[in-house]
Amino acid sequence: MNSIAEVRSRVRHWSELYPAAVLYDDESAVFLDVVSGKSLRMSWIDVTGFEEKIHPETGEPYLVLMLEQGQQIALVDPGGVAFAPSTINSGPLQNLPPVVCLKDFLTLKQRVDHYLYEHPDEAPPRECLDLIMICIAVLDGARAVGFEVGDLEGDLEKSLNELEKRTG
């Protein structure tokens, strides 16, 4: 395994190259997921492995940090801090990608709100509930790696309540 100092150096370098995705403050060991504005404190003692890979679609490099509890986070542009979703509260889901980021949550939540609030006289399609369930899995995955997502959960709960009111 690479030394912690080397991994931190590579993380610093990557974040300097992709500041629109992730900002990193080495002094406090905090990642800022730029799109969501959410921060994630890194405990370097918990990092058990490190890989630098090339994104198959963009051809850009990204970093994967393996954590002690078997979790992984990736620093990806576009996207930000990526992680595995968790189906602990949603149950198994179709169309759930193996890696997500908070940007995915924000995009899906926007679609949910479009169905609910831009078309108030139409019944929301089944897809709306499917999207909410994927959003739950994304937020559970984010929380599992250390993001504070209570505010996003509150917003999602409002959308779920609106969906329930509209579908009976």
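Draft legend 1. The pairing of strand E2 (residues 30–33), seen in detail. Where strand E1 (residues 22–25) and E2 come together, four bridges link them in antiparallel fashion. In the sheet register, Tyr24 faces E2, and the bridge partner there is Phe31. Where E1 hands over to E2, the hairpin turn is made up of four residues, of which Ala29 adopts a positive phi near 55 degrees. Sheet topology note: the E2/strand E3 (residues 38–41) ladder contains four bridges and is antiparallel.

Draft legend 2. Looking closely at the environment of Val7. Position of Val7 relative to the elements: it lies in helix H1 (residues 4–17). Judged by relative accessible area, Val7 falls into the buried class, the value being 1%. Between the C-alpha atoms of Val7 and Leu63, which are 56 residues apart in sequence, the distance is 9.6 Å.

Draft legend 3. Examining the nonpolar core more closely. Judged by nonpolar contacts, the single largest core of 42 residues is most densely connected at Val11, Phe31, Trp44, Leu65, Ile73 and Phe147. Counting residues per element, this core draws most heavily on helix H3 (residues 126–145), which supplies ten residues. Filtering out sequence-adjacent residues up to four positions away, Trp44 remains in contact with Ile4, Val7, Arg8, Val11, Tyr24, Ala29, Phe31 and Leu65. If you look at the next biggest cluster of nonpolar residues, it comprises seven residues, including Val64, Met66, Ala74 and Cys101.

Draft legend 4. A look at the packing of aromatic side chains. Across all of its chains, the model carries five aromatic pairs by this definition. Note on Tyr24 and Phe31: the rings are 5.0 Å apart at their centroids and 40 degrees apart in plane angle, and the pair reads as tilted. Phe31 shares its class with Tyr24; the two are buried.

Draft legend 5. Just the packing of helix H2 (residues 102–118) against helix H4 (residues 150–167), in detail. Closest axis-to-axis distance for the H2/H4 pair is 11 Å, and the angle between their directions is 30 degrees. Of the possible angle classes, the one that applies to H2 and H4 is roughly parallel. The element H2 and its partner H4 pack so that their crossing is left-handed. Where H2 abuts H4, its residues Leu102, Phe105, Leu106, Lys109, Val112, Asp113, Tyr115, Leu116 and Tyr117 lie against Leu152, Asp155, Leu156, Lys158, Ser159, Glu162, Leu163 and Arg166. Class assignment of the residues belonging to the contact of H2 with H4 gives a composition of ten nonpolar, one polar and six charged.

Draft legend 6. Local environment of unusual backbone geometry. At the junction of Asp77 and Pro78, the peptide bond is cis and its omega measures out at 0 degrees in the coordinates. The backbone of Ala29 shows a phi angle near 55 degrees, a positive value even though the residue is not glycine. Relative to the helices and strands, Ala29 resides in the loop between E1 and E2. Overall, the relative accessible area of 11% leaves Ala29 in the buried class. Positioned with a positive phi, Asn95 is a non-glycine residue whose angle comes to about 65 degrees. In this structure, Asn95 sits in the loop between strand E7 (80–83) and strand E8 (100–101). We classify Asn95 as exposed; its relative accessible area is 71%.

Draft legend 7. Examining the pairing of strand E4 (residues 47–54) more closely. Inspection of the sheet shows E4 paired to strand E5 (residues 61–67) by seven bridges, in the antiparallel sense. Within E5, the position partnered with Gly49 by the bridge is Met66. What sits between the antiparallel neighbours E4 and E5 is a turn of six residues, in which Gly59 has the positive phi angle 75 degrees.

Draft legend 8. Structural detail: the packing of H2 against H3. For the pair H2 and H3, the least separation of the axes is 9 Å and the interaxial angle reads 155 degrees. In terms of orientation, H2 lies roughly antiparallel with respect to H3. Helix-helix and strand crossings are classified by hand; for H2 and H3 the assignment is left-handed. Side by side, H2 and H3 meet where Leu102, Phe105, Leu108, Lys109, Arg111, Val112, Tyr115 and Leu116 of the first sit next to Glu127, Cys128, Leu131, Ile132, Ile134, Cys135, Val138, Leu139 and Ala142 of the second. The residue inventory of the contact of H2 with H3, partitioned by class, reads 14 nonpolar, no polar and three charged.

The rules behind these values
Along each chain, the written sequence defines residue order, and numbers are assigned to residues from 1. Selection of residues for local features in this predicted model requires a pLDDT of at least 70, selection of side-chain atom pairs for listing and counting requires 80 or more, and totals for whole chains, interfaces and linings are taken over all residues. Hydrogens and water molecules were not included; the side-chain quantities draw on all heavy atoms of the structure. What makes two strands pair is DSSP finding at least two bridges between them. Numbering goes from the N terminus for both helices and strands, where a helix is a DSSP run of H or I of at least four residues and a strand is a run of E of at least two. Per-residue accessibility, obtained with a 1.4 Å probe over protein chains only, is compared with the maximum for each type, and a residue is labelled buried under 20%, exposed over 50%, and partly exposed between these values. In this text, buried Ala, Val, Leu, Ile, Met, Phe, Trp, Tyr and Cys residues form a nonpolar core when linked through side-chain atoms within 4.5 Å. Residue contacts follow a heavy-atom distance rule, with two residues in contact if any of their heavy atoms lie within 4.5 Å. Ring geometry is summarised as follows: Phe, Tyr and Trp rings, the Trp one being its six-membered ring, pair when their centres sit within 6.5 Å, and such pairs are stacked at plane angles under 30 degrees, edge-to-face over 60 and tilted between the two. Throughout, an axis means a line fitted to C-alpha atoms (over the contacting stretch in the case of helices), and angles, computed between N-to-C directions, take values from 0 to 180 degrees. Should an angle lie under 35 degrees it is considered roughly parallel, over 145 roughly antiparallel, and from 65 to 115 roughly perpendicular; all remaining angles are considered oblique. In this scheme the handedness of a crossing depends on how the near helix is turned from the far one: anticlockwise by less than a right angle means left-handed, clockwise means right-handed. Each residue is assigned to one class: nonpolar for Ala, Val, Leu, Ile, Met, Phe, Trp, Tyr, Cys and Pro, charged for Asp, Glu, Lys and Arg, and polar for all the others, Gly among them.

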